Structures are given as C-alpha cells and as structure tokens.
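# Descriptive structure summary
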Amino acid sequence: MSETTETGGRTFSPPEAIAARANVGPEIYEEAAADRLAFWAKQARRLTWTQDWDEVLDWSNPPFAKWFVGGKLNVAYNCVDRHVEDGHGDQVAYHWEGEPGDTRTITYAQLQDEVCKAANALLELGVNAGDRVAIYLPMIPEAVISMLACARIGAVHMVVFGGFSADALASRLDDSGAVLVITSDGGYRRGAPSALKPAVDDAVSRSPGVRNVVVVKRTGQDVEWTEGRDLWWDDVVERQSPEHEPESFDAEHPLYIMYTSGTTAKPKGILHTTGGYLTQVSFTHWASFDLKPDDDVFWTAADVGWVTGHSYIVYGPLSNRATSVMYEGTPETPHRGRWWEIIQKYGVTILYTAPTVIRTFMKWGEDVPKGFDLSTLRVLGSVGEPINPEAWLWYHEHVGGGRCPIVDTWWQTETGGHMINPLPGVTSLVPGSAQVPFPGISAKVVDDEGNELSDDSTGLLVLTEPWPSMLRTIWGDDDRYVDTYWSRFGKNVYFAGDGAKKDADGNIWLLGRVDDVMNVSGHRISTTEVESSLVGHPAVAEAAVVGATDPTTGQGIVAFVILRESGVDSGDELVQTLRNHVGKDIGPIAKPRQIMVVQELPKTRSGKIMRRLLRDIAENRELGDVTTLTDSSVMNLIKDKLPAAP
Ligand code: 6R9
C-alpha cells in the first residue's frame, strides 16, 4: 500500500502534554457506546435551553429525524450573550485580519451589540422568523454578525460563497425563496478590490422575491444603486439599539440552508436545524481540537461560505467561548508567509485547514514557515479531502514542529459536524486515515449489498444511526433527500457517497467520492490512492486523477500533475518515472495511461478538485458547468497546455 510505504507504517502517539490534560480521555468511547442517546443528551447540556426536551430522538418516521423534541433555545444567545452574562464580555471573540493588513478586534460584548443591532435592522425590514436571508459577503465580521442576527430572530440564513457567479447566486435565491440579501461593495483578493455588488444586482433582477439588498461598505468602490431596494448597512444597522431580547425557538426550527453541488446540475439546499446542530458542532469543536477557551487561539483558515466556516469559524467556536482568528484573504498576499505571520502575530494554538493548501505550502518549500515563530501551535486539523501521508508528514514536521497531533476530520455539509476523526489526547495517529467514528457516531464500510467489510477491501461508507447535526432534508425536496441519501440500503442507513476501506486495526481510510472510483479492467481503483502515490514522488506537488473511457480496459487512468518548483524536466522520462512509481506503490494495474503536466487544477472553494471537468478534458468533451469553480480561467489554461488526447 502506498500509505505504508510512504510513512514506513509509522504511527504517532498522543503527546504527553496534551493527553495529560485533554478535554476527553479514552473512556469517552465506552460511555457513548453504552447509551448513545444519553451521551448526546449529556452533550446538549453544554447549551442553555429555555425549555427542556421531552425526548432525545424521534426516529419514528425515518429518515426524517427530530432531535431534542420539544426543547427550546436561542442559538445567538448560546453563542454570545451567555458568555457576556458569565463575565467574559471582554474576551476577544475574533481577531479579524483584512487582506490589506487592516485589523479589527471584536470582544464578546461588542459582538453582542453588533448582533443585536443587525437583528433589530432585520426586524425593521420586515424579516420574520422562518424567512430566508441570503448572505453574499467576503470574509469580514459582518458575515458572522449577519448569520447570528438571523439566528437570533429565527430567520434562516443561506450563505453563498463570494466567489460564486451571479448565476449560481440567482439559482440559490430562487430555490430558497430569499426575501433579503446582505452583501458588500466588494472584498479584497490577491491584493486588489474585487466587486461583489454587480453579481447581486444581476441575480436580484431575476429574483422578484428579494425586497431589499443591504450593502456593507468594505472596499469603497463605486456601486450601482436601486433606490427603495438597496440600503447601506451603515445607514440601516448602525442607528439601531444594541438591545434585543432573544426569543426561544424550537429545537427543530430551521437554522440555515447551505447549497452543495451534487452529481446533477441542480445544487442541493442542505437544511440544518437548531438544537441538534448546535449540540454536535459545539461538542465536536471542544473534543476534536481539545479547545481550552481561556488559553487557546483557534483558527479555521477557511471561508464562511463553506460548511467548515459555519460549523468551525462561527457556531462551534462561539458556543465554546473560543477566541478565533478570521482572515479575509489568500495565503500568498502580500507574501507566501502570510499565514505563518498571522499565527506568530496572534499566537495561534490550533490551526484547521485543508490538504490542498498544505500541498501548496509544500510546493513553496519549508523555508517559508521556517522564517516564523510557530511554537504556540499545539493541535492541527485537516478537512475537505483525504490528506495524503506525504502532506500529513510535512504538516506535522514543518508546521507542527513534530509535536502537534493532526486531527484529520471526515464529515460533509450534510453531516453538519465531525463524524470520523482521531481525538488529540487519545488516538495513536495513522497518517492518511481519518481513523475512527467520533464518539456517539456509527459508521461502517459495506459492499454493494450492504454487508460490512473490515478486511481492507474497498467498499462504501455508510452511517448506521442518526446523529444530532444531520441534515433534516433537502430544502423543498423531501423526495430527493430520501432518494439521494436513504434509499440505497433502506431508510435507516445513510449513504455518504464516499468510497472507504477499514483496515485490520479498525481504522477507516476514505477513498474519495464513489463517482471517483475507477474501474480498470474490472479492478476498482480509487483516484485518491493513485493521487496519493503520485504526490509521494519528490517531483510532484499536486495530482488529480480521473478515469477516462477506454475501449479496451473500460476506464483508463489519466493523471494531471503539477510539479514542484525545482525546475525538473517535465518530459517523457519523468512521465515514465512517475508511471513506474505508481506501479511499484499500488500495482501495475494502477499505472496511469496518460500523465499530463499542468500549471493549475480546477478546484472548488473548499479545495476539492473538480474531476468532472478533468474527465471532460480527458475524454475530449465540451466542458460542463463551471459555476462552482473558484477560478474558471483555470480550465482554459489546462486545455491550452495539453497535447491532443490519444
Ligand atoms: C466538510 C466538507 C464533503 C466530502 C466528503 C468527502 C470529502 C471531507 C474529508 C474528506 C477524506 C476527510 N472529505 N473531509 N475525505 N477525508 N477528512 O468538506 O464538506 O464540502 O460537503 O464535502 O468531502 O468526499 O463526502 P463538503
């Protein structure tokens, strides 16, 4: 296996310093297994409820779950007000860092004022509990304030990543039935202001249900203005009272919708609700990262427009009274050490990010982080795709100084919070594997018939019990919810759509989306394994692998690779070397049919490679929908560089 050859089968025990005072110890697994519902009920007590629940879980009508039935609470109160009431008003909630270098420090008391003012503004604009509010903002504090203001009044927020196009925004406004949009004139990206308002104007012109557009001034660039519809944030929010009495909402009241792309063109509006969601994100944030509210400086380096931002920039950290860093820009602006500079400046202790970023840092070289003091770091996290052992080891060594556990967290927009991951004070880490289900979570690897596999053979990942932060439905489409997730193995088994295998030690290895599993001459080979092998070669920085239709083998393996910057020769010889390398790692059957050297790969904002588009290229087709790409020009770049396919 590539995993073991790359790491020499090394595992990493929990560091003494962390294990000795970890928030959770090994007994947590037994406790959860003994009585799963009692376990989650205990975790729900972390929150302040204004009315107790009657029943922990109602699963009488699967797959439609109700958690903490009859309970009532306010999410914004739990994230903000109660910490102020407990005497922590002066604690910093966010150290915000703008890309140009401007900063804002926001304490819990200030956040409370801002959220109340924004809530009062929404009420003045006629937003009611249950109404949908779209948020299309850069990574500025108003994004968090807007989300919490919605939660406070029971409005359902629907955040759309600021890099998405007017079309993507329009279809989400339409599908969710949004009544109001919160946006800004623009945001900073790669050292320059980038406009947001024009996309909103375009999208809203097609969405008659949107009554108002509230505009935050961020860059000061010119904007078109529609009188009567558009309002400056400063005009409508700033004059409001900072007092607002939070109302309690039912545990199953909708909290937010987050759209995620499926295999078909129409994005799915994943619905999350109040009590169960907050319980699981709060507890996982505290346990997975060993969060100590009085000491830690926590940084999820991701966008709020991704579920990771919702759960681990906003709701998890705030519910735990964490001090967080929030950064607006890109890692290379104005220089490639920007992240390390931020860690040094704020004394960040926990860093959570995606493997794709780690591989970019690897390409830039270890000398960049070496120039900064990263000694405050104690726990590292990974999310978004499998982290290949090569990147794991680099992250461990060059960012974590060899002393920080890496928590590789498998979860999805649909699951709301962490589902499979090691615990920093408990688990012996196996690089490349997300390892074991989180306490209180039941996951299995099964074959096509639903029989459990635990012998290293490749199968499908399923979740066999409902969990508190699970999606409740696809907005407006209960049938699609049932069909997509709960029909393959019956209404009690959640089909995650990921390939996986479980090794003899009980560790789960995620192998990418099942539609990323290739079938070469009848052998199932995961794109992830071939990619992991390729990036294990010293010449390769990043790799993306797809299965292209092949007249003889069914599918042929086509690899796109980005080389490290060492100026190596990218000719035939290297291609042969890489093919042999994969052959040796995994087996001759896994040798790519074609390897193409490219400058960039098409990625979504959350760092996932859009293999669908690469498959289009590998099979010489017209490109499909590119609206969820961070940068659609990447595709032209790749196409221009390619030799004609054989
Ligand atoms: C949180 C998030 C979900 C899909 C998921 C899987 C992949 C995420 C992973 C991982 C292996 C990990 N994924 N984390 N694969 N190891 N630690 O990413 O949500 O954007 O909905 O993506 O991402 O394929 O099914 P989302």
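Residues numbered from 1 in each chain as written. Predicted model: local features only at pLDDT ≥ 70, side-chain atom pairs only at ≥ 80, totals over all residues. Heavy atoms only, no water.

As a further point, take the side chain of threonine 279. By the secondary structure assignment, threonine 279 is in helix H11 (residues 275-288). Engagement of the side chain of threonine 279 in a polar contact is seen with the backbone oxygen of glycine 275, the distance being 2.8 Å. (Helix = DSSP H or I, 4+ residues; strand = E, 2+ residues; numbered from the N terminus. Polar contact = N/O pair within 3.5 Å; in protein donor to acceptor, adjacent residues only side chain to side chain.)

Along the polypeptide, threonine 473 turns up in strand S23 (residues 473-474). In this structure the side chain of threonine 473 is engaged in a polar contact, spanning 2.6 Å, whose partner is the side chain of aspartate 478.

Looking at the ligand, there are 17 residues lining it, with Asp408, Thr409, Thr413, Asp498 and Arg513 nearest. Between the ligand and glutamate 385, the relevant distance is 3.4 Å, taken from a nitrogen atom to a main-chain nitrogen or oxygen of the residue. The separation between an oxygen atom of the ligand and a polar side-chain atom of glutamine 412 is 2.9 Å. Within the complex, the protein chains bury 93% of what would otherwise be the 530 Å² of accessible surface of the ligand. Counting residues per element, the ones that place at least two in the shell around the ligand are helix H12 (307-319), strand S20 (406-409) and strand S25 (508-513). Residues that form the shell around the ligand fall into these classes: seven nonpolar, five polar and five charged. (Near = heavy atom within 4 Å. Areas by Shrake-Rupley, 256 points an atom, 1.4 Å probe, with all protein chains shown as cover. Nonpolar A, V, L, I, M, F, W, Y, C, P; charged D, E, K, R; others polar.)

Looking now at the packing of aromatic side chains. The final tally for this structure, using the stated rule, is 33 aromatic pairs. Aromatic pair tryptophan 49 and tryptophan 53: ring centres 4.9 Å apart, planes at 70 degrees, arrangement edge-to-face. Just as tryptophan 49 is buried, tryptophan 53 falls in that class too. With 6.1 Å between their ring centres and 80 degrees between their planes, phenylalanine 289 and tyrosine 312 make a pair best called edge-to-face. With phenylalanine 289 in the loop between H11 and strand S16 (297-300) and tyrosine 312 in helix H12, this pair connects stretches of sequence that are 23 residues apart. Cation over ring: arginine 46 sits above tryptophan 286, and NZ or CZ is 4.7 Å from the ring centre. For lysine 217, the ring lying beneath its charged end belongs to tryptophan 232, and the centroid distance is 4.6 Å. (Phe/Tyr/Trp six-rings, centres within 6.5 Å; stacked < 30°, edge-to-face > 60°. Buried < 20%, exposed > 50% of the residue type's maximum accessible area, 1.4 Å probe, protein only. Lys NZ or Arg CZ within 6 Å of the ring centre and 35° of its normal.)

Attention now moves to the environment of glycine 191. Note on placement: glycine 191 falls in the loop between strand S9 (186-189) and strand S10 (192-195). Taking the relative accessible area as the measure of exposure, glycine 191 reaches 56% and is therefore exposed. If sequence neighbours within four positions are ignored, glycine 191 has contacts with Glu99 and Thr333. (Contact = heavy atoms within 4.5 Å.)

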